[in-house]
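# Reading the structure
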Amino acid sequence: MKNTALTDTHIALGAKMVPFAGYNMPVQYEGVNIEHETVRNGVGVFDVSHMGEFLIEGPNALDLIQKVCSNDASKLTIGKAQYSCLPNDTGGIVDDLIIYRIKEETYLLVVNASNIEKDWNWISSKNDVDAEMRDISEDYSLLAIQGPKAVEAMQSLSSHDLSEIKFYNFIVGDFAGIEHVIISATGYTGSGGFEIYCKNSEVKQIWDKVIEAGATPIGLAARDTLRLEMGYCLYGNDIDETTSPIEAGLGWITKFTKTFTNSEALEDEKRRGPEQKLVGFELDDRGIPRHGYDIVDSEGRTIGRVTSGTMSPSLGKGIGLGYVPAILAQPGSKINIQVRKKAIPATVVKLPFYKG
């Protein structure tokens, strides 16, 4: 099992450590609900250094990215980031990712930890344009400083005005005494804040100063409840090799203004309309929906599956994401979630669950 540069720090802080995507990661410190509330109302810091980073460079870098990614990366200017996905050849998704345009011919691709090798091999197999590729995942660390008080608490650590970094924008600047780190605002919690990309040798100094400035360490369990309240997809749960971006509600990052892997079939699916759709739902009665639970109709017939579910700390009710027949995807539609032996009524709702 791999460690991040901060693994010993988490252990010293009393974190509960678990294997996650091949890494030894902190799942919680004080408890999920407390940590969740800290990010919703204050400021927390996550070590997400297990994420993968690829540099795609050279005059043909954009050509390769356009070919393998669903979104239109030609829209990216230096200092901007974009959410996208890597479609496979059969209608599913290899991974979802964030693309940063660092320089004129340099792009940073941030991919999911569990998919680093798979993504690298996939993009490499499509690289017939001789774009330069470098996997820098092992050398870099990533901290996510999240919460409504993040900017205010961290401003003293940088000479740049952190409040001016708009959503899905970034700067390269100084932070916590380290020069030339990426400070970006692509949060996964819905409560504001930003991310710091730095070298492994720099992350301990940054972590210590971030904690000193008022951030509380937060584990991956609260990261999951926070992202679920926003209706954000998690790869391996809500999207995978068998789910299409159209079904998953990711049509907004699937741009048919260019040709990319399997774009013709996906465009046809969008035109026809998918047979199933990923929806958000709230339980009408007490219960907690979990990944893998059946979604059933009033007769008890299985009509779909729960992909993510939890007891929402902010809303105090069971919430989840799941695939249902397209006819039941409208907000207000009634479905049932099979929780053990009981079918609990639920209502399809418009995302996000948490409105802030």
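Here, the structure is the one placed above.
Analysis parameters
- Residues numbered from 1 in each chain as written.
- Predicted model: local features only at pLDDT ≥ 70, side-chain atom pairs only at ≥ 80, totals over all residues.
- Heavy atoms only, no water.
- Phe/Tyr/Trp six-rings, centres within 6.5 Å; stacked < 30°, edge-to-face > 60°.
- Helix = DSSP H or I, 4+ residues; strand = E, 2+ residues; numbered from the N terminus.
- Buried < 20%, exposed > 50% of the residue type's maximum accessible area, 1.4 Å probe, protein only.
- Pairing = 2+ DSSP bridges.
- Axes fitted to C-alpha atoms, helices over the stretch in contact; angles between N-to-C directions.
- Contact = heavy atoms within 4.5 Å.
- Salt bridge = Lys/Arg side-chain N within 4 Å of Asp/Glu carboxyl O.

Before going further, it helps to examine the packing of aromatic side chains. With the rule as written, the count across this model stands at eight aromatic pairs. Between Phe54 and Trp120 the ring centres are 5.2 Å apart and the planes differ by 75 degrees, which places this aromatic pair in the edge-to-face class. With Phe54 in strand 4 (residues 52-57) and Trp120 in helix 4 (residues 116-125), the pair connects residues that are 66 residues apart, well separated along the chain. Looking at Trp120, the relative accessible area reads 23%, which means it is partly exposed.

All right, on to the sheet that holds strand 19 (residues 342-349) then. Spatially, the six strands close up into a barrel ordered 14-17-16-15-18-19, and their pairing is antiparallel. Strand-to-strand twist of the sheet, defined as the mean angle between neighbouring strand axes without regard to direction, takes the value 45 degrees. Relative to strand 19, strand 18 (residues 334-339) runs antiparallel, the two being bridged by six bridges. Across the sheet, Lys334 pairs through a bridge with Thr347, a residue of strand 19. Against the sheet, helix 7 (residues 220-229) makes contact with strand 16 (302-311) and strand 17 (318-325), and its axis sits at roughly 125 degrees relative to strand 16, the strand it touches most.

In space, the six strands of this open sheet follow the order 10-11-12-9-3-13, with mixed pairing throughout. Looking along the sheet, the strands with just one partner apiece sit at the ends: strand 10 (170-175) and strand 13 (216-217). Direction of pairing for strand 3 (residues 44-47) relative to strand 13: parallel, over a ladder of two bridges. Bridge pairing links Gly44 to Thr216 in strand 13. In the packing of helix 6 (residues 200-212) onto the sheet, contacts are made with strand 3, strand 9 (140-146), strand 10, strand 11 (178-184), strand 12 (193-199) and strand 13, and the angle to strand 12 comes to roughly 145 degrees.

In total, this model carries 16 salt bridges according to the counting rule given. Close ionic contact of Lys126 with Asp89 constitutes a salt bridge, the shortest N to O distance being 3.6 Å. Here Asp89 lies in the loop between strand 5 (81-87) and strand 6 (93-103) and Lys126 lies in the loop between helix 4 and strand 8 (132-135), a separation of 37 residues in the sequence. Judged by its relative accessible area of 48%, Asp89 falls in the partly exposed class. Across the pair Asp268 and Arg272 runs a salt bridge whose closest N-O atoms are separated by 3.0 Å. Linking Asp268 with Arg272, this pair stays in helix 8 (residues 263-272), spanning four residues, or about one helical turn. Classification of Arg272 by relative accessible area gives exposed; the value is 57%. Connected through salt bridges with shared partners, the residues Asp224, Arg227 and Asp238 form a single ionic network.

These results come straight from atomic positions and should not be treated as a statement about function.
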